[in-house]
Amino acid sequence: MANVTDLQTKYSKLAQEYSKLRAQNQVLKKAVVDEQANSTSLKDQLKQREQSLRKQEQEMDSLSFRNQQLAKRVELLQEELAVSEAKGKKGKSKVDSPSQHVRQTQSVFDEDLQKKIEENERLHIQFYEADELHRRQEAEMKARLEELEKSTEQHQSVVDGITNKFTQTVDKLQSDKARLEVKAQCLEREVKDCRIRTEECQQQLRRCQAELNRQLKQSSSVIQEKVPFNDTKFSDYNSLNVPPHNRRHQLKARDVAGQALGFIQDLVAALLNFHSYTEQRVHIYPLDSSIEPISPLNQKFSQYLHENAAYVRPLEDSFMQLYQSITEETVTALETVVELKKFTGHFSLYTHFLQKILPYQLKSLDEECRTPLCTAALAAKNQEIKTDMRRVTAMFDKLQNYMSLLALPSVRHDAVPQSSISTIFTQLDGCLHSLHDAIKEMSKHYNQKASLEQELPTVTQKLSTTTECLLGSLSSLNSCTGKISTFFSNNLDFLTTSGYSPKGGAVALNPVHAATMLSNKKRAAAYIRAIQKQPRPPSVPYQEALANHRILTSSTESREGLTQQVQQSLEKISRLEQEKEHWLLEAQLGKVRLEKESQRIADLEAQLAAALGGSPNPQTVATASSLPQNVEIAEAAQNVAEKETVMCTSLVGMLCTLPTGENVGDEESREQLIKTHYMARVGELTTQLQISDSKAVHFHSECRALAKRLGIAEKARESLMEEIKLANQNITRLQDELTTTKRSYEDQLSMMSDHLCSMNETLSKQREEIDTLKLSSKGNAKKNKGR
C-alpha cells in the first residue's frame, strides 16, 4: 500500500508540473501570436513605406521635369538677354535708362536662379541620401524580418515537439501508472492469498509435527521395548554395509580416464622429442661430433639421454592399462585401482632418471658458457635455464611423492586417512600448475637463448634446425602441461568426492565391499532379466488414463474433507473395536463359566445318584436338581460380587479374577484363552501400528509437499518483490528524466522569453526609427510642396 500511495503522490506532482508547463506553453503560444501580429503590422508598415516611396519618386520625377522646364526657360531668358544686349550696343544713347533697368532685373533673376539651382541641388542630395538610407533600412528590416520569421518557425516547431513529447510522456506515464496499479492490486491479492495459504500450511505443519512427534514417541517407545538390538548406532557396524553400485560414477571415471590418457600420450611424445633433440644438440654444440670428439661429460650425458625411451614409454603403457581396467562393470576408487600403483612406479623411475641427468645437464650448460664465443647475455640465459631445469626436476619429484600417496590405499586401504585425500588432490593440482609455469619459463628462456645464438658467427644450419626442433618440443610440452593442469582443476571436485562409501559408515571402501557390490549387481541384473522375460501386463488405454487423471484431479480438491471423514471413521472404528473386544472377552468368560457350572452340576448329580444308590425317585431327583440350582445361583451371586470387588482394567480390555479353588484343567483353558486373546490383540496392535506408520508416511509426504509449496510461494513472493523493486526503480528513473526534461524546458523557455524581450526591444526601436523617418519624409514633402 505504501508503494501505491507513493505512486499516487508522485503522479499528482507530475500532473501539477504538467499543468505548469501547459500554462507556460500557452504563454509561449500567445507570445508567438503577438510576434506574428507584429510581423504582419511590420509588413503593412513596409507596404505603406513603399507606397510613400513611390509617391516621393513621382514627386521627384515631377520636380525633375519642372527643373528641366525651368532650365529651358533660363536658357531662353539668357538668349533673350544676349539679343537684348546686342541691340543695346547699337543704341546706347537711346536707351540708357531702360537698359539699366533691365540689367537690374536680370541680376535679380540671376540671383534667384542661382539660389533655386543650389536649393535644387541640395534637395537632390538630401533626397538621394534619404532614398539610400531608406533602401538600406528596408533591406535590413527585410533581413531581420526573415530571421525573425525563421526563428519563430523554429520556436514553433520546438514548442510543438515539446508539446508532443510531453503528451506522449504523460500518456506513457498514465498507462504505466494504470498498469502498475493493476499489477500492485494483483500482487496485493496474491500476497493475501499467499499469507492465508502460508497460515494454513503452518497450521497444518504444526498439526503434522505434533502428530509426527506423538507417533515418533510412540514408535521410539515401541522400538525401545520390542527391538533388542540396533546396529545403526555404531560406525563399526555401519562399515559392514555394502554400498550400491554407481554406474554414473563409473561412466564419469572412464570418461575422465580417457581424457587423461590423451593428455599422457601427448606428454610422452613431447618428453621423447625434448630428450631426443637435447641429445642431438649435445652432439652439435659446443663441439660438433662429426668434426672433433665431444667432451667425456657430454658423451656420458648423451648416453643417458639415449635411454629416455626406456623410462618414458612405460608411462603411456601403464596408464593405458589403468584406463582399460576402468569399465562399467568395475568399481573405481583409490582402494580398488591396483594399476595406479604400476603407473606410480614407472613415474618414479622417470623422476629418478631426471634426477640422474640433471647434474650432467647443468655441467653441459657450464661447458657452453666456457666457450670463447659465449657472450655475457648468453651466459646469463644459460644460468636461467639451469634454474629452470632444477625447478622442473623438483616439480616432477613433488608430483611423484603425491602420486605415491594416492597409490597407497590400493595396497593397504587404511594407509591414508579419508580426510587427507582431498588435500592430496588439491596439492597435486597446485603442483601441476607450478610445473606448467616452470616449463613455460624454460621455454621462454630457451627462445631467448636461441635468438642470441643466431647472432653468433659460428652457428651452422644443423644447429639452427636442431634448436628449432627443440623449441617446438618445448612449446608442445608447455601446451600439454597447461592442458593437464586445466583438466585436473576442472575435474578436482569429481576426484575429491568418493562415489562409493558404506551407508552410515565413516570408513572408506575396501576390496571386500567392491567384490560384494559387484556380486550384488550381477544378481540384480539377473533378477531384472528374469523379470523382463515374463509377459508384461496390458497397459492402460490413453482415454481411460485421461479420465482417471480427471477423476484424480477432481478428487484432490476434496482430499482434506475426505481425510477428516476418514480420521473420524477410523476413530469410530477403533472405539467399536475396543467395545467389541470387551464384549467378546465377556462372552468367552461367560461361556467358560457356563461350561464349568454345567460340569459341576453333572458331577453333583453323579455324586447324589451314587449316594442315594439305585434309581432315584423323581422327588429326590427334583430335590437334588433343585439343590445344585440353588448352589449355582449362590455361586453366581458370589462371582458377581467378587467381580465387582476385584476388577482391573488394562490396555487389552477388562479381565475378572476367578476363584482359586479350580482345578488344573480350568487353569489351562483359561491360560489358553488369555493367550489367544493376547495374540489376537498383538495382531491388531501390529495392524494399527502399520496403519499409523502409513499415516505418518502420508503426513510426512503431505508436509514435504506443503513445505515445497511454501518454498515455491516464498520464491514467487521474492520474485514479485524484485519486480516491484524494478518497477520502483523505473518510476524513479522516469521521474528523474522528467525533472531533467522539465529543467531543460524551463531553461529553453527562459531563453525564449529573453529572446522575445530582445526582439520586442529591437522592434520598438525599429518602429521609432520608422516613425522618425516618416516624420522627416513628411516634413521634407511639405517643404517641397511649399517651395
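Above: the structure in question.
Overview of the structure. (Residues numbered from 1 in each chain as written. Predicted model: local features only at pLDDT ≥ 70, side-chain atom pairs only at ≥ 80, totals over all residues. Heavy atoms only, no water.)

**Some points on the overall build of the chain**
Point 1. Helix and strand content of the chain: 16 helices and 2 strands.
Point 2. Looking at the 787 residues of the chain, the share that counts as buried comes to 28%.
Point 3. Considering only residue pairs separated by 6 or more positions, the chain has 87% of its internal contacts joining residues 24 or more positions apart.
Point 4. A total accessible area of about 51,600 Å² is found for the chain, and carbon and sulfur atoms account for 56% of it. (Helix = DSSP H or I, 4+ residues; strand = E, 2+ residues; numbered from the N terminus. Buried < 20%, exposed > 50% of the residue type's maximum accessible area, 1.4 Å probe, protein only. Contact = heavy atoms within 4.5 Å. Areas by Shrake-Rupley, 256 points an atom, 1.4 Å probe, with all protein chains shown as cover.)

**Considering the packing of aromatic side chains**
Point 1. The tally for this structure, following the rule as stated, stands at 9 aromatic pairs.
Point 2. Between Phe319 and Phe343 the ring centres are 5.2 Å apart and the planes differ by 70°, which places this aromatic pair in the edge-to-face class. Of this pair, Phe319 sits in helix α6 (residues 308-325) while Phe343 sits in helix α7 (residues 339-369), and the two are 24 residues apart along the sequence. The exposure classification of Phe319 matches that of Phe343, with both residues buried. (Phe/Tyr/Trp six-rings, centres within 6.5 Å; stacked < 30°, edge-to-face > 60°.)

**Overview of a negative patch on the surface**
Point 1. A contiguous patch of negative charge, built from Glu140, Glu768, Glu769 and Asp771, is present on the exposed surface.
Point 2. For the negative patch, the element with the most residues is helix α16 (residues 664-786), which contributes 3 residues.
Point 3. If you trace the backbone, Asp771 turns up in helix α16. (Patch = residues over 30% accessible without salt bridge, like charges linked within 9 Å, V, L, I, M, F, W, Y side chains within 5 Å. Salt bridge = Lys/Arg side-chain N within 4 Å of Asp/Glu carboxyl O. Lys, Arg positive; Asp, Glu negative; His and termini not counted. Charge placed at Lys NZ, Arg CZ, Asp CG, Glu CD.)

**Here we look at the packing of helix α4 (residues 247-284) against α6**
Point 1. At their nearest, the axes of α4 and α6 sit 9 Å apart, and the two run at 175° to each other. Relative to α6, the element α4 lies roughly antiparallel. Of the residues in α6, those in contact with Arg254, Ala257, Gly258, Ala260, Leu261, Ile264, Gln265, Val268, Leu271, Leu272, His275 and Ser276 of α4 are Asn308, Ala309, Val312, Arg313, Leu315, Glu316, Phe319, Met320 and Tyr323.
Point 2. Among the residues forming the contact of α4 with α6, the class breakdown is 13 nonpolar, 5 polar and 3 charged. (Axes fitted to C-alpha atoms, helices over the stretch in contact; angles between N-to-C directions. Parallel < 35°, antiparallel > 145°, perpendicular 65-115°, else oblique. Nonpolar A, V, L, I, M, F, W, Y, C, P; charged D, E, K, R; others polar.)

**Quick notes on the pattern of salt bridges**
Point 1. With the rule as written, the count across this model stands at 17 salt bridges.
Point 2. Of the charged contacts, one joins Arg179 and Asp176 as a salt bridge, the two residues approaching to 2.7 Å between their closest N and O atoms. Residue Arg179 and its partner Asp176 are both found in helix α2 (residues 96-226); the two are separated by 3 residues, about one turn of the helix.
Point 3. Lys183 is paired through a salt bridge with Glu723; the nearest N and O atoms lie 3.6 Å apart. A residue pair is termed long-range when its members are at least 10 positions apart, and Lys183 in helix α2 and Glu723 in helix α16 qualify at 540 residues.
Point 4. By relative accessible area, Glu723 is classed as partly exposed at 34%.
Point 5. One network of salt bridges, with partners in common, ties together Arg281, Glu368, Lys449 and Glu453.

**Looking at the nonpolar core**
Point 1. Judged by nonpolar contacts, the single largest core of 67 residues is most densely connected at Tyr350 and Tyr446.
Point 2. Of all the elements in the fold, those that place two or more residues in this core are α4, α5 (296-306), α6, α7, α8 (376-411), α9 (418-453), α10 (461-490) and α11 (492-496).
Point 3. Here this core takes 14 residues from α4, the largest share from any one element.
Point 4. Tyr446 has contacts with Gln361, Ile385, Met389, Leu470, Leu471 and Leu474, leaving out every residue within four places of it along the chain.
Point 5. One finds Leu42, Leu756, Met759 and Ile770 within the second-largest nonpolar core, a separate group that totals 9 residues. (Core = buried A, V, L, I, M, F, W, Y, C linked by side-chain atoms within 4.5 Å.)

**As for the environment of Lys462**
Point 1. Structurally, Lys462 is set in helix α10.
Point 2. Considering only alpha carbons, one finds Lys462 and Gln280, 182 residues apart in sequence, at a separation of 9.8 Å.
Point 3. The residues contacting Lys462, other than those within four sequence positions of it, are Ile284 and Asp288.

**Topic: the side chain of Asp366**
Point 1. Structurally, Asp366 is set in helix α7.
Point 2. At 2.7 Å, the side chain of Asp366 and the side chain of Lys386 are in polar contact.
Point 3. Sequence-distant contacts of Asp366, that is, excluding residues within four places in its chain, are made with Gln383 and Lys386. (Polar contact = N/O pair within 3.5 Å; in protein donor to acceptor, adjacent residues only side chain to side chain.)

**A short note on the environment of Thr198**
Point 1. For Thr198, the position within the fold is in helix α2.
Point 2. Overall, Thr198 belongs to the buried group, its relative accessible area being 16%.
Point 3. Distance in space between the C-alpha atoms of Thr198 and Leu706 is 9.2 Å, their sequence separation being 508 residues.

**Regarding the state of the cysteines**
A covalent bond between the sulfur atoms of two cysteines is what we call a disulfide.
Point 1. Within this structure, the stated rule accounts for 0 disulfides.
Point 2. Free of any disulfide, Cys374 has its nearest neighbouring cysteine sulfur in Cys369, separated by 4.7 Å.
Point 3. Among the residues examined, Cys374 registers a relative accessible area of 14% and is labelled buried. (Disulfide = S-S within 2.5 Å.)

By themselves, these are just geometric observations and shouldn't be taken as functional.
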